[in-house]
Amino acid sequence: MKILVINGPNLNMLGTREPEIYGCETLDDINKELSDFSKTLSKDIEIDFYQSNTEGEIIDKIQNSKKYKGLIINPAAYTHTSIAIADAIKGAGITAVEVHLSNIHAREEYRKKSFISPVSMGVVAGFGKNSYKLALLGLYKHFCKNNE
Ligand code: DQA
């Protein structure tokens, strides 16, 4: 089961970026933890990680995601602005889970709007790095046969 994880703009700065909101771990730390967690679910899960600060690059990656069974995406600030990323997810027909480290509904008003939620199977927000693990668990359970 191949899963693509996409992280959007400024998430390459995790560790030093507003640690009181986003935590002290780097994106590499979070990715490594997600890889380790995937092994506890199944040895058949294979994860590719991608980060970009550029909307068009994220769209290209989604358009070329045919080999993946599922997508975990933290679109970062593009969550609140990008109809283009939403269209790419819809167009690719990939099963996506939207992820946020912080609870976007408990922050500024402009973060409450997500263009990505309507094209996602599910949304996980507010659990810090564990949001990614919960998203993977949800995707895995969705795809595996006995999904209790
Ligand atoms: C974020 C929330 C967004 O509003 C913000 O622009 C980010 C990170 C999160 O993971 O909490 O860059 O997606």
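All of the points below concern the structure found in this document. (Residues numbered from 1 in each chain as written. Predicted model: local features only at pLDDT ≥ 70, side-chain atom pairs only at ≥ 80, totals over all residues. Heavy atoms only, no water.)

### Looking at the side chain of histidine 80
Turning to step 1, where the next piece is worked out: Locating histidine 80 in the fold gives a position in the loop between strand 3 (70-74) and helix 4 (83-92).
Turning to step 2, where the next piece is worked out: In this structure the side chain of histidine 80 is engaged in a polar contact, spanning 3.3 Å, whose partner is the backbone oxygen of arginine 111.
Turning to step 3, where the next piece is worked out: For histidine 80, the contacting residues outside a window of four places in its chain are Ile104, Tyr110, Arg111, Lys113 and Phe115. (Helix = DSSP H or I, 4+ residues; strand = E, 2+ residues; numbered from the N terminus. Polar contact = N/O pair within 3.5 Å; in protein donor to acceptor, adjacent residues only side chain to side chain. Contact = heavy atoms within 4.5 Å.)

### Some remarks on the packing of helix 2 (residues 27-41) against helix 5 (residues 130-143)
Turning to step 1, where the next piece is worked out: One can describe the packing of helix 2 onto helix 5 by two numbers: an axis separation of 10 Å at closest approach and a directional angle of 35°. In the crossing of helix 2 with helix 5, the sense of the turn from one axis to the other is right-handed. On helix 5, the residues that touch Ile30, Glu33, Leu34, Phe37, Ser38 and Leu41 of helix 2 are Tyr132, Lys133, Leu136, Leu137 and Tyr140. (Axes fitted to C-alpha atoms, helices over the stretch in contact; angles between N-to-C directions. Left-handed = near helix turned anticlockwise from the far one by under 90°.)

### Focus: the site of the ligand
Turning to step 1, where the next piece is worked out: The full set of residues close to the ligand is Arg17, Tyr22, Asn74, Ala76, Ala77, His80, His100, Leu101, Ser102, Ile104 and Arg111.
Turning to step 2, where the next piece is worked out: Arginine 17 is positioned with one of its side-chain polar atoms (N or O) 3.0 Å from an oxygen atom of the ligand.
Turning to step 3, where the next piece is worked out: The separation between an oxygen atom of the ligand and a polar main-chain atom of alanine 77 is 3.2 Å.
Turning to step 4, where the next piece is worked out: Burial of the ligand by the surrounding chains reaches 99%, relative to a free accessible area of 320 Å².
Turning to step 5, where the next piece is worked out: Of the residues belonging to the shell around the ligand, the class tally is five nonpolar, four polar and two charged. (Near = heavy atom within 4 Å. Areas by Shrake-Rupley, 256 points an atom, 1.4 Å probe, with all protein chains shown as cover. Nonpolar A, V, L, I, M, F, W, Y, C, P; charged D, E, K, R; others polar.)

### Structural notes on the nonpolar core
Turning to step 1, where the next piece is worked out: Ranked by internal contacts, the top residues of the largest apolar core, which has 22 residues, are Ile3, Leu14, Ile47, Ile72, Leu101, Tyr132 and Leu136.
Turning to step 2, where the next piece is worked out: Among the elements of the structure, strand 1 (2-7), helix 2, strand 4 (95-100) and helix 5 are those that each provide at least two residues to this core.
Turning to step 3, where the next piece is worked out: Here this core gets five residues from one element, more than from any other, and that element is helix 5.
Turning to step 4, where the next piece is worked out: Apart from the residues within four sequence positions on either side, tyrosine 132 is in contact with Val5, Asn7, Leu11, Ile30, Leu34, Ile72, Asn74, Val99 and Leu101.
Turning to step 5, where the next piece is worked out: If you look at the next biggest cluster of nonpolar residues, it comprises 17 residues, including Ile62, Tyr68, Ala88 and Ile89. (Core = buried A, V, L, I, M, F, W, Y, C linked by side-chain atoms within 4.5 Å. Buried < 20%, exposed > 50% of the residue type's maximum accessible area, 1.4 Å probe, protein only.)

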